[in-house]
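# Chain and residue survey
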Amino acid sequence: MTQRTFAIIKPNAVRSALVGEILRRYETARLKIVGAKLLHASSQKVAGFYAEHEGRPFFPGLVEFMSSGPILVLALEGENAIADVRALNGATDPAKAAPGTIRHAFGPTMGSNVVHSSDSPESAAREISYWFSADELFSYEQKSSVADV
């Protein structure tokens with residue numbers, strides 16, 4: 001089933017020049033990038049995004065980390081995109097992530113594990129709409145060719 005999911009390449013990955021490698025892994029897995037923005041999110045924007053974690057001990061550090069530098073927010077599309085991206089990313093804790101996954105390869109700690117991704121169709125829809133307006137998303141169903149450029 002074709003579906004969309006959401007991912008963030010976190011500030012430490014952007015600073016470490018890992019964006020290209022992470023995107024390569026997603027695209028090699030036949031995921032299409034249908035939206036992408038490089039931005040420096042404010043602490044208010046990050047706090048709103050992670051609002052479900054407000055009140056937890058790690059929340060202030062999470063907001064500080066995620067607003068510490070540029071992030072790349074992504075809308076990805078593909079067959080079983082949600083499960084595929086989560087499998088590519090690996091376990092949230094890089095120490096528990098399977099070899100070959102993004103977090104195992106590049107995530108130094110659980111608090112700075114280089115990527116975020118949606119865990120359900122409901123989360124994907126909410127997260128995509130939080131960062132993208134409808135006119136910022138590409139549809140591969142539209143006709144496009146080099147001549148259209």
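Our structure's up above, just so we're on the same page.
Keep in mind it's a predicted model, so treat the numbers as computed, not measured.

### Some remarks on the pattern of salt bridges
Pairs can form between side chains of opposite charge whenever their charged atoms are close. A complete count under the given rule lists six salt bridges for this structure. Among the ionic pairs, Glu52 bridges to Arg126, the shortest N-O distance being 3.2 Å. With a gap of 74 residues between them, Glu52 in the loop between helix H3 (43-49) and helix H4 (59-66) and Arg126 in helix H7 (residues 121-131) connect regions that are remote in the sequence. Linking Glu127 and Arg126 is a salt bridge whose minimum nitrogen-to-oxygen distance equals 3.6 Å. Classification of Glu127 as buried rests on a relative accessible area of 5%.

### Observations regarding the environment of Leu137
Take Leu137: it is sitting in the segment after H7. Separated by 133 residues in sequence, Leu137 and Arg4 have C-alpha atoms that sit 11 Å apart. Excluding anything up to four places from it in sequence, Leu137 contacts Arg4, Val34, Gly35, Ala75, Ile128 and Phe132.

### What about the nonpolar core?
If you look at the biggest cluster of nonpolar residues, it comprises 19 residues, and the most contacted ones within it are Phe6, Ile8, Tyr50, Met66, Trp131 and Phe132. If one sorts the elements of this core by residue count, H4 sits on top with five residues. In this structure Ile8 touches Phe49, Tyr50, Met66, Ile71, Leu72, Val73, Val114, Val115 and His116, once residues within four positions along its chain are discounted. Within the second largest apolar cluster, 17 residues are counted, among which are Leu18, Leu31, Val85 and Val114.

Rules used in this analysis
Residues numbered from 1 in each chain as written. Predicted model: local features only at pLDDT ≥ 70, side-chain atom pairs only at ≥ 80, totals over all residues. Heavy atoms only, no water. Salt bridge = Lys/Arg side-chain N within 4 Å of Asp/Glu carboxyl O. Helix = DSSP H or I, 4+ residues; strand = E, 2+ residues; numbered from the N terminus. Buried < 20%, exposed > 50% of the residue type's maximum accessible area, 1.4 Å probe, protein only. Contact = heavy atoms within 4.5 Å. Core = buried A, V, L, I, M, F, W, Y, C linked by side-chain atoms within 4.5 Å.

Just distances and angles here, no functional claims.
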